[in-house]
Every structure is written in C-alpha cells, then in structure tokens.
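A structural walkthrough
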Amino acid sequence: MPIQPVTCHVAVCEVCGTAYGSAPVFECAAYFTTREAAVEAVHADPDWLVTTDGRVICLDTDDPDHQAALDTLMPPAPAAVCDDQLPLLDL
C-alpha cells in the first residue's frame, strides 16, 4: 500500500487557536477536503463566525480577547445629533 499525501482543511479560531469541531474529550477536529467546505460548515454553526475577509472566530467564549476581535468588526458609533438641540456653552 503506497503512502499518499492528502491535503485537508481545518478551521481554526484566529483569537485562541481552537480548531472547529474539536472537543477536549475526543482531542480531534473536523477536517474538510476543500477550504469552501470548511467555510460552509463553520458558517452554518451559530457558535462560530466567518467574516467577509475570511477570519474565523469562535463565539462560545466570553473573554476580553474574543470581545476585542468582535469589537473591531463593528462600525464606529454614530455621532449623537438630535433635531433642535441647543449647543453646549463653555462657561
């Protein structure tokens, strides 16, 4: 039986390095034959995020590093402007 190289794709959280589909009990990850298949699987999972620029982030953790990565994806807060608002005076 010959030994053949096989290429597989594993989605990994760019914040913590957790591999998609990995479980501490099994110590394995989900492997895919194409990048598109990996993106499709991760995109369908509500506990993971695939950004438009291809970044992968797991969402099942609530630590500051993951929150900071998610915050960078948000647009800047809009300026608060109210109709008929009087300008503040410097006294």
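Use the structure listed above.
Residues numbered from 1 in each chain as written. Predicted model: local features only at pLDDT ≥ 70, side-chain atom pairs only at ≥ 80, totals over all residues. Heavy atoms only, no water.

Regarding the overall build of the protein
Check the secondary structure of the protein and you find two helices and two strands. Sequence-ordered secondary structure for the protein, helices as α and strands as β, is α-β-β-α. At 21 Å, the protein has a C-alpha radius of gyration far larger than the 12 Å of a compact globule built from 91 residues. Of the roughly 7500 Å² of accessible surface on the protein, 59% is carried by carbon and sulfur atoms. (Helix = DSSP H or I, 4+ residues; strand = E, 2+ residues; numbered from the N terminus. Rg over C-alpha atoms; globule rule 2.2 N^0.38 Å. Areas by Shrake-Rupley, 256 points an atom, 1.4 Å probe, with all protein chains shown as cover.)

Points about a nonpolar patch on the surface
Where nonpolar side chains cluster on the molecular surface, the patch consists of Val10, Val12 and Tyr31 and spans about 260 Å² of accessible area. Take Val12: it is sitting in the segment before helix H1 (35-43). The class of Val12 is partly exposed, set by a relative accessible area of 38%. (Patch = residues over 30% accessible without salt bridge, like charges linked within 9 Å, V, L, I, M, F, W, Y side chains within 5 Å. Salt bridge = Lys/Arg side-chain N within 4 Å of Asp/Glu carboxyl O. Buried < 20%, exposed > 50% of the residue type's maximum accessible area, 1.4 Å probe, protein only.)

Here we look at the side chain of Arg55
Inspection of the secondary structure puts Arg55 in the loop between strand E1 (48-50) and strand E2 (56-58). A polar contact of 2.8 Å, which involves the side chain of Arg55, links it to the side chain of Glu14. (Polar contact = N/O pair within 3.5 Å; in protein donor to acceptor, adjacent residues only side chain to side chain.)

Digging into the packing of aromatic side chains
In the structure shown here, the tally under the stated rule is two aromatic pairs. Plain terms: the ring middles of Tyr20 and Trp48 are 5.4 Å apart, the flat faces sit at 85 degrees to each other, and that makes the pair edge-to-face. Taken together, the residues span a long stretch of sequence, with Tyr20 in the segment before H1 and Trp48 in strand E1 at a distance of 28 residues. With respect to class, Tyr20 is no different from Trp48; both count as buried. The rings of Tyr20, Phe32 and Trp48 are connected pair by pair, giving a single aromatic cluster. (Phe/Tyr/Trp six-rings, centres within 6.5 Å; stacked < 30°, edge-to-face > 60°.)

Considering the nonpolar core
In this structure, Ala11, Cys13, Tyr20, Phe32, Ala38, Val42, Trp48, Val50, Val56, Ile57, Cys58 and Ala69 together form the largest nonpolar core, which totals twelve residues. Elements with a minimum of two residues in this core: H1, E1 and E2. Element by element, the count of residues in this core is highest for E2, at three residues. With residues near it in sequence (within four places) discarded, Ala11 still touches Thr18, Ala19, Tyr20, Val42 and Val56. (Core = buried A, V, L, I, M, F, W, Y, C linked by side-chain atoms within 4.5 Å. Contact = heavy atoms within 4.5 Å.)

A look at the environment of Cys13
Here Cys13 lies in the segment before H1. With a relative accessible area of 2%, Cys13 lands in the buried category. Filtering out sequence-adjacent residues up to four positions away, Cys13 remains in contact with Thr18, Trp48, Val56, Ile57, Cys58 and His66.

Quick notes on the state of the cysteines
Using the criterion set out here, one finds zero disulfides in the structure. With no disulfide of its own, Cys13 lies 3.6 Å from the sulfur of Cys58, the closest cysteine sulfur. (Disulfide = S-S within 2.5 Å.)

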